[in-house]
Amino acid sequence: MATLIIPPVLTSPRDDAMQLYKAFKGFGCDTGSVINILAHRDATQRALIQQEYKVMYSEELNNRLSKELSGDTKRAFLLWMHDPPGRDATVVRQALSGDLRAATEVICSRTPSQIQYFKQIYYTMYGVYLEQDIESRASDDHKKLLLSYVRTIRYEGPEVDSVMAERDAKALYKAGENRWGTDEKTFIRIFCESSSAHLAAVSYAYQSKYKNKLKKAVKSETSGLFRFALLTILRCAKNPARYFAKQLHKAMKGLGTNDATLIRIIITRAEIDMQYIKAEYRKKYKKCLNDAVYSETSGNYRTFLLDLLGPNY
């Protein structure tokens, strides 16, 4: 669900392209005008603006943005210019070459239909299947889990079979806390085949039956990126907005800011569930997300992120 502010005056993609061209002309770029236009256009409108710009000025808008902007503002803008599946593909492709944690977060927090869609875009953009890149960049149980997660078509509805949920809770207990060592295969199977609603029910059944949270069991029985992937799947099955609120808080707490995380989450969730993330952030940290971002950023970069976050409430 989008949280974008509708522009006060509805303009045509052609008008927007002309205004952008004007903002680029002369000495230095009028970044304020660029933000004013592009931060307030949805994915469809941005695609049309890009088409118009190329027709009118024989140049790719993204290439021009790349030349005119710099630093975090540039990184954020170039990611924003994609549609949601294109962004996921871009982030995952880059992250698989370095920040495997970021790639894991994106893959394990997406719905089955979002994954299927961005897998297609991934192949179109890079000429290689997502699975091939996972195969060559990830390793061990982490690799097995990611491959299984992107290949499995999971049910997305709300219905749950409580008998099956209890059976899976028991299987996870036997695979983890109730034995010497961990049976990772069982964790991978249940976490990768379950719908979000089913996994949330398994977590509830686990706690009722064994007086311990499934989340705690995962933390004590697994480690590294494999543990991070399982926890991301579990937390997003229960409440994705709370998960992202927590990740944003982590990115901004303490000394310095993790701008890569800030950009990735704000840009990729702005057109999906940002108002829920903001509500969860306020509930958990008793502070407005906009205020937190304001105090951690500056200049055009700050203006752009705040415009994407929408009204301060």
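No experiment lies behind these values; they were computed from the predicted model shown.

Quick notes on the rules
Residues numbered from 1 in each chain as written. Predicted model: local features only at pLDDT ≥ 70, side-chain atom pairs only at ≥ 80, totals over all residues. Heavy atoms only, no water. Helix = DSSP H or I, 4+ residues; strand = E, 2+ residues; numbered from the N terminus. Rg over C-alpha atoms; globule rule 2.2 N^0.38 Å. Buried < 20%, exposed > 50% of the residue type's maximum accessible area, 1.4 Å probe, protein only. Contact = heavy atoms within 4.5 Å. Areas by Shrake-Rupley, 256 points an atom, 1.4 Å probe, with all protein chains shown as cover. Lys, Arg positive; Asp, Glu negative; His and termini not counted. Charge placed at Lys NZ, Arg CZ, Asp CG, Glu CD. Patch = residues over 30% accessible without salt bridge, like charges linked within 9 Å, V, L, I, M, F, W, Y side chains within 5 Å. Salt bridge = Lys/Arg side-chain N within 4 Å of Asp/Glu carboxyl O. Domains from an automatic or database assignment. Buried area = accessible area lost by both parts, 1.4 Å probe. Nonpolar A, V, L, I, M, F, W, Y, C, P; charged D, E, K, R; others polar. Axes fitted to C-alpha atoms, helices over the stretch in contact; angles between N-to-C directions. Parallel < 35°, antiparallel > 145°, perpendicular 65-115°, else oblique. Left-handed = near helix turned anticlockwise from the far one by under 90°. Polar contact = N/O pair within 3.5 Å; in protein donor to acceptor, adjacent residues only side chain to side chain. Core = buried A, V, L, I, M, F, W, Y, C linked by side-chain atoms within 4.5 Å. Arc of directions from axis to C-beta.

## Description of the overall build of the protein
Logical step 1: Within the protein, the secondary structure is distributed over 20 helices and zero strands.
Logical step 2: Its C-alpha radius of gyration of 21 Å places the protein within 12% of the 20 Å reference for a compact globule of 313 residues.
Logical step 3: Taken over the C-alpha atoms alone, the protein extends approximately 70 × 45 × 35 Å along its principal axes.
Logical step 4: Scored against the burial criterion, the 313 residues of the protein give a buried share of 49%.
Logical step 5: Across the protein, the fraction of contacts at a sequence separation of at least 24, relative to all contacts at a separation of at least 6, is 68%.
Logical step 6: Of the roughly 15,200 Å² that the protein leaves accessible, carbon and sulfur atoms contribute 51%.
Logical step 7: The centroid of the 48 positive side-chain charges in the protein is displaced by 5 Å from the centroid of its 35 negative side-chain charges.

## Quick look at a positive patch on the surface
Logical step 1: Taken together, the side chains of R101, K213, K216, K219, K238, K250 and K253 present a region of like positive charge at the surface.
Logical step 2: Residue position: K238 is located in helix α15 (residues 224-238).

## Examining the domain arrangement of the protein
Logical step 1: Domain boundaries assigned for the protein yield domain 1 (13-81), domain 2 (84-140), domain 3 (162-238) and domain 4 (240-309).
Logical step 2: Carbon and sulfur atoms supply 73% of the area buried between domain 1 and domain 4, which totals about 1,200 Å² over both sides.
Logical step 3: Taken as a group, I35, D72 and W80 account for 42% of the area that domain 1 buries against domain 4, more than any other trio of residues on that side.
Logical step 4: Our count for the contact surface shared by domain 1 and domain 4 stands at one salt bridge.
Logical step 5: At the level of secondary structure, the elements contributing two or more residues to the side of domain 1 that touches domain 4 comprise α2 (31-38), α3 (43-57) and α5 (71-80).
Logical step 6: The residue makeup of the side of domain 1 that touches domain 4, split by class, is seven nonpolar, four polar and four charged.

## A word on the packing of helix α7 (residues 100-109) against helix α16 (residues 240-252)
Logical step 1: Viewed as axis vectors pointing N to C, α7 and α16 meet at an angle of 160 degrees, and their least axial separation amounts to 12 Å. The orientation of α7 with respect to α16, classified from their angle, is roughly antiparallel. Note on packing geometry: the crossing formed by α7 with α16 is left-handed. Taking contact as the criterion, the partners of R101, E105 and S109 in α7 are, on α16, Y243, F244, Q247 and K250.
Logical step 2: When its residues are assigned to classes, the contact of α7 with α16 shows two nonpolar, two polar and three charged.

## What to know about the side chain of T152
Logical step 1: Structurally, T152 can be placed in the loop between α10 (140-151) and α11 (162-175).
Logical step 2: Here S148 takes part through its backbone oxygen, which lies 2.6 Å from a polar atom of the side chain of T152.
Logical step 3: Those residues in contact with T152, other than ones at most four positions away along the chain, are Q116, C192 and E193.

## Notes on the nonpolar core
Logical step 1: L145 and F191 are the most contacted members of the largest nonpolar core, which has 93 residues in total.
Logical step 2: The leading source of residues in this core is α15, at nine residues.
Logical step 3: Excluding its chain neighbours within four sequence positions, the residues that come into contact with L145 are C108, I188, C192, F226, A229, L230 and I233.

## Considering α2
Logical step 1: Of all the positions in α2, only T31, V34, I35, I37 and L38 are classed as buried. Looking down the long axis of α2, one finds its buried residues gathered within 165 degrees of arc, a one-sided arrangement.
Logical step 2: The elements touched by buried residues of α2 are α1 (13-24), α3, α4 (61-68), α5 and α20 (299-309).

## Quick word on unusual backbone geometry
Logical step 1: Positive phi, close to 50 degrees, is recorded for S58, a residue that is not glycine.
Logical step 2: By the secondary structure assignment, S58 is in the loop between α3 and α4.
Logical step 3: A positive phi angle is found at K211, which is not glycine, with a value near 55 degrees.
Logical step 4: Tracing the sequence through the fold places K211 in the loop between α13 (196-210) and α14 (214-221).
Logical step 5: What makes K211 exposed here is its relative accessible area of 70%.

## Considerations on helix α19 (residues 289-296)
Logical step 1: Inspection of α19 places L289, N290, A292 and V293 among the buried residues, and these make up the whole buried set. On an axial view of α19, the arc spanned by its buried residues comes to 160 degrees, and they lie on one face.
Logical step 2: On the buried face of α19, the contacting elements are α16, α17 (259-269), α18 (274-285) and α20.

## Structural notes on the packing of helix α8 (residues 112-126) against helix α9 (residues 130-137)
Logical step 1: At a minimum axis distance of 9 Å, the contact between α8 and α9 shows a crossing angle of 85 degrees. Taken as axis vectors, α8 and α9 run roughly perpendicular relative to one another. Contacts from F118, K119 and Y122 in α8 reach L130, E131 and D133 in α9.
Logical step 2: Split by residue class, the contact of α8 with α9 holds three nonpolar, no polar and three charged.

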